[in-house]
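For reference, the chains in residue letters:
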Amino acid sequence: MLRYLGNRLWQSALTLVLASVVVFLGVRALPGDPATTMAGEEAAPATIAAVRAELGLDQPLVMQYLKFAGNALTGDFGESVRTGTPVVDLIGATLPVTVQLALYAMAIAVLLGVTAGVLAAVFRGRWPEWVANGFSLTALSVPTFWLGILAVLYLSVNLGWFPASGYVSPLDDPLRGLYHLTLPALILGLAHSAVVMRQTRGSMVGSLTADFVRTARAKGLGGPAVVFRCGLRNSLVVVVTVVGLELGGLIGGAVVTERIFTLPGVGKLTLDSVFSRDYPVIQAVVLVITGAYIVINLLVDVLYTVIDPRIRISGRTR
């Protein structure tokens, strides 16, 4: 077990280092000059050069990266070029909003996806499977931004069931906070629930047609027990894998949803930073999201060893 975790930890650390290099070089490939943006388009060349020196942009790329990586290890991402606010404060104010939205959307996706996937696997060839497949195909086909706009127009503006925009922290008012996040979380979670449904159904079909399930039925094990104790339990590795991947995608892919519903999350911060060529903020946001994705996948790998002991055993002997 410890050897398995050790292997995963150094692999995750190496992935994070490589990701930081890609992030650093990718940000510098963006068009525009943050020094010119900060100093103003009409600023004198000497003023722009002074700003570049202050930001460290006049140094070689290797030195810039080493400084960036060293500061990032201590949690220092510098200050925003646009506002002068420490980047850590900006991320600290916006990341909780995105995490709350992603977790809420993932809970909806798991609830809808696993339920629909189990029903589709149990009732193969009958109307529950057709309904589940139709739901997943529709959820995957409809663009999130279009569905979000329709939801705001009809469910918020016309019917008044949900607020069209705004954010209330669940720490201040839990019920109002969940109420404000319900519609954007539902819109964001629908497409991901379709992925969870398809993978759950496929894995469940394989489990329910396996020899050990037929043996359990022959010994008199009832229908619900076969479905949940044999079928769903043996499908959990696939479900957990999909949920881990989708959750990482939710944290990084909530930009459009946050924009539609005017949520003060990381997505809005990222877009504003890209438009203003705010290098420190872009670097920090992308690196934090990448780190979150790596940590989620590491936790999923650890969870594998709890669900399936064979993975733990193979980890010892590898």
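All of the points below concern the structure found in this document. (Residues numbered from 1 in each chain as written. Predicted model: local features only at pLDDT ≥ 70, side-chain atom pairs only at ≥ 80, totals over all residues. Heavy atoms only, no water.)

Inspection of the entire model under this criterion finds 1 salt bridge. The salt bridge partner of R201 is E129, with a shortest N-O separation of 2.6 Å. Separated by 72 residues along the polypeptide, R201 in helix 8 (residues 174-208) and E129 in helix 6 (residues 127-141) bring together distant segments of the chain. For R201, a relative accessible area of 23% puts it in the partly exposed group. (Salt bridge = Lys/Arg side-chain N within 4 Å of Asp/Glu carboxyl O. Helix = DSSP H or I, 4+ residues; strand = E, 2+ residues; numbered from the N terminus. Buried < 20%, exposed > 50% of the residue type's maximum accessible area, 1.4 Å probe, protein only.)

Glancing now at the packing of helix 5 (residues 87-122) against helix 13 (residues 266-275). The contact between helix 5 and helix 13 brings their axes to 7 Å, and the two run at 130°. Taken together, the axis directions place helix 5 and helix 13 in an arrangement best described as oblique. Along the contact surface, helix 5 presents L90, I91, T94, L95 and T98, while helix 13 presents V266, G267 and L269. Partitioned by chemical class, the residues of the contact of helix 5 with helix 13 number 5 nonpolar, 3 polar and no charged. (Axes fitted to C-alpha atoms, helices over the stretch in contact; angles between N-to-C directions. Parallel < 35°, antiparallel > 145°, perpendicular 65-115°, else oblique. Contact = heavy atoms within 4.5 Å. Nonpolar A, V, L, I, M, F, W, Y, C, P; charged D, E, K, R; others polar.)

Our next topic: the side chain of S136. Here S136 lies in helix 6. Using a relative accessible area of 0% as the deciding quantity, one classes S136 as buried. A distance of 2.9 Å separates a polar side-chain atom of S136 from the backbone oxygen of N133. Aside from chain neighbours lying at most four places away, what touches S136 is A194, M197 and R198. (Polar contact = N/O pair within 3.5 Å; in protein donor to acceptor, adjacent residues only side chain to side chain.)

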